[in-house]
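# Understanding the architecture of this molecule
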Amino acid sequence: MYCRFCGKEMPDDAKKCPSCGKETLEAQAQAKLDEAEEVIAKAKKEGKKYFKCEDKSGQFTNKDKEKNRGVSVLAYIPLLFLVPMLTAQDSPYARFHANQGMVLSICSFALWMVGRIFGFLSLIPVLGTILKVIFLVLELMIFAGFVYGLLTCSKGKAMKIPLLGDVIIFD
């Protein structure tokens, strides 16, 4: 094997070139892999702390969950949170999901309004790009909340939406 910096021949298992002292590509790649693994491990550890989804399924009876699962799923389709609110008023399970769907719908609408109000800033080259990226990330997070709620509700669970699950508009 030859050093890519100085061109001198070196042993195949060398981590550094004996002539110039520069690291080989393999050593650099291994260092980057080790660094990435540390970052992933740290993110997993912190992710559990910040995006913990509390399971509230035990607070509702199985009969309530089975009876109102279909109407509760509608809560995670924007603006259809009204359906479980109005048709299953006596169901705590349906009200839980209607509340979460309402919170997500309000956040989605608020984000849309703020985007329209500050839309003129998109004309400024760097600031406009930064704002577009920020709004895209926030929109994707809200969309992920809708999908997460829809999937967990369809399984008969009652999981709080990350970051927004503690907001209660009606009880």
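This write-up is about the structure you can find in this document.

Reading the values: the criteria
Residues numbered from 1 in each chain as written. Predicted model: local features only at pLDDT ≥ 70, side-chain atom pairs only at ≥ 80, totals over all residues. Heavy atoms only, no water. Phe/Tyr/Trp six-rings, centres within 6.5 Å; stacked < 30°, edge-to-face > 60°. Lys NZ or Arg CZ within 6 Å of the ring centre and 35° of its normal. Salt bridge = Lys/Arg side-chain N within 4 Å of Asp/Glu carboxyl O. Helix = DSSP H or I, 4+ residues; strand = E, 2+ residues; numbered from the N terminus. Buried < 20%, exposed > 50% of the residue type's maximum accessible area, 1.4 Å probe, protein only. Axes fitted to C-alpha atoms, helices over the stretch in contact; angles between N-to-C directions. Parallel < 35°, antiparallel > 145°, perpendicular 65-115°, else oblique. Left-handed = near helix turned anticlockwise from the far one by under 90°. Contact = heavy atoms within 4.5 Å. Core = buried A, V, L, I, M, F, W, Y, C linked by side-chain atoms within 4.5 Å. Expected span 1.5 Å × (residues − 1). Arc of directions from axis to C-beta.

This brings us to the packing of aromatic side chains. Evaluation of the coordinates by the stated rule reveals 3 aromatic pairs. A network of ring pairs unites the aromatic residues Phe60, Tyr93 and Phe96 as a single cluster. The ring of phenylalanine 5 carries lysine 22 above its face, with NZ or CZ at 5.2 Å from the centroid.

Quick look at the pattern of salt bridges now. Across all of its chains, the model carries 1 salt bridge by this definition. With its nearest N and O atoms 2.4 Å apart, the salt bridge here joins arginine 69 to glutamate 66. Remark: glutamate 66 and arginine 69 occur in helix α2 (residues 62–73); sequence separation between them is 3 residues, near one turn of the helix. Overall, the relative accessible area of 55% leaves glutamate 66 in the exposed class.

This next bit is on the environment of valine 133. Positionally, valine 133 belongs in helix α5 (residues 125–154). The exposure class assigned to valine 133 is partly exposed, which follows from its relative accessible area of 47%. The spacing of valine 133 and isoleucine 40 is 93 residues in sequence and 23 Å in space, taken between C-alpha atoms.

Turning our attention to the packing of helix α4 (residues 92–117) against α5. Orientation of α4 relative to α5, taken along the N-to-C sense of each, is 165°, at an axis distance of 10 Å. By the angle class used here, α4 and α5 are roughly antiparallel. Crossing of α4 against α5: the hand is left-handed. For the pair α4 and α5, the contacting residues are Tyr93, His97, Gly101, Leu104, Ser105, Cys107, Ser108, Leu111, Val114 and Gly115 in the first and Phe135, Leu138, Glu139, Ile142, Gly145, Phe146 and Cys153 in the second.

The next point concerns the nonpolar core. Counting 16 residues, the largest nonpolar core has Tyr76 and Leu104 as the members making the most contacts within it. Of all the secondary structure elements, the ones that give two or more residues to this core are α4 and α5. Considering every element that reaches this core, the biggest residue donor is α4, with 5 residues. Beyond its immediate chain neighbours, meaning those up to four positions away, tyrosine 76 contacts His97, Gln100, Gly101, Leu104, Phe146, Gly149, Leu150, Cys153 and Ile161.

Next up on the list: unusual backbone geometry. The backbone of leucine 79 shows a phi angle near 75°, a positive value even though the residue is not glycine. Owing to a relative accessible area of 61%, leucine 79 belongs among the exposed residues under this scheme.

What follows covers α2. For α2, built from 12 residues, the straight-helix expectation of 16 Å at 1.5 Å per residue is met to within 8% by its first-to-last C-alpha distance of 16 Å. Those residues of α2 not exposed but buried are Asp64, Lys65, Asn68, Val71, Ser72 and Val73. Projected down its long axis, α2 shows its buried positions confined to an angular sector of 160°, all on one face. Looking at α2, the residues exposed on the side facing more than 90 degrees away from the buried face are Asn62, Lys63, Glu66, Lys67 and Gly70.

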